[in-house]
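Structural characterization, general
Next come the chains, spelled out residue by residue.
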Amino acid sequence: MSINSDSKSALLRKKQGKIVKFDAFLSFAEEDVEVAQKIYTELSKKGLNIWFSREHLRYGQSILSVITKVIQNSSSGIVILSTNTFSDDRHFPIQELRTLQNQNIYRNLFLFPIYHGISHDYILDNYPTLSDQYACNTNQGIELISEKFFLELKRYQNEMK
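Attention here is on the structure that accompanies the text. (Residues numbered from 1 in each chain as written. Predicted model: local features only at pLDDT ≥ 70, side-chain atom pairs only at ≥ 80, totals over all residues. Heavy atoms only, no water.)

**Comments concerning the overall build of the protein chain**
On a plain count of helices and strands, the protein chain comes out with 6 helices and 7 strands. Written out in order from the N terminus, the α and β elements of the protein chain read β-β-β-α-β-α-α-β-α-β-α-β-α. For the protein chain, contacts bridging at least 24 residues in sequence account for 72% of all contacts bridging at least 6. Summing over all exposed atoms, the protein chain offers an accessible surface of approximately 8800 Å²; the carbon and sulfur share of this is 49%. (Helix = DSSP H or I, 4+ residues; strand = E, 2+ residues; numbered from the N terminus. Contact = heavy atoms within 4.5 Å. Areas by Shrake-Rupley, 256 points an atom, 1.4 Å probe, with all protein chains shown as cover.)

**Remarks on the environment of Leu-26**
Within the secondary structure, Leu-26 sits in strand β3 (residues 24-27). Once the C-alpha coordinates of Leu-26 and Ile-39 are considered, the two residues, 13 residues apart in sequence, prove to be 8.8 Å apart.

**Points about a nonpolar patch on the surface**
Together, Ile-63, Leu-64 and Phe-92 make up a nonpolar patch on the protein surface, roughly 250 Å² of accessible area in all. The class for Leu-64 is partly exposed, based on a relative accessible area of 47%. (Patch = residues over 30% accessible without salt bridge, like charges linked within 9 Å, V, L, I, M, F, W, Y side chains within 5 Å. Salt bridge = Lys/Arg side-chain N within 4 Å of Asp/Glu carboxyl O. Buried < 20%, exposed > 50% of the residue type's maximum accessible area, 1.4 Å probe, protein only.)

**Some thoughts on the pattern of salt bridges**
Inspection of every chain in the model, using the stated rule, returns 6 salt bridges. The closest approach of N and O atoms between Lys-45 and Glu-42, which form a salt bridge, is 3.3 Å. Of this pair, Lys-45 and Glu-42 are both found in helix α1 (residues 33-45), 3 residues apart, which corresponds to roughly one turn of the helix. Among the residues examined, Lys-45 registers a relative accessible area of 61% and is labelled exposed. Put simply, Glu-152, Arg-155 and Glu-159 are held in one network by salt bridges that share partners.

Take a look at the structure:
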């Protein structure tokens, strides 16, 4: 991985003086990187501009500062929820989730939860503020989840016009 701020996948690339907007910020616990990579790949194939830390985060960058800026420059947030997500309140996925939820409330950011190895009951018990969100489950398959996200994002964007 190149450490070059001018690279194609730099955090907030500028084209003709404008900050590039991302279609989605992808949040996941490091332990769930394999499923996150698959989701990123499927959505990228559909032509969506997805912020994925493994692809876009550079050494030496302030993680919290980057996360905040990217979420503010994204029209949606995809959050992979698993037991790993809730392992520690100081864990980055929890910080990302809180930021995404705030942006969902105050900026109308589209939030798309994906359960990975957990059930809706687990969310009710551990993070009830997410229990009313429509969610997919990775047991449905990555291709189907990616298609649902793609369609829901387009519907959401049309409603926001």
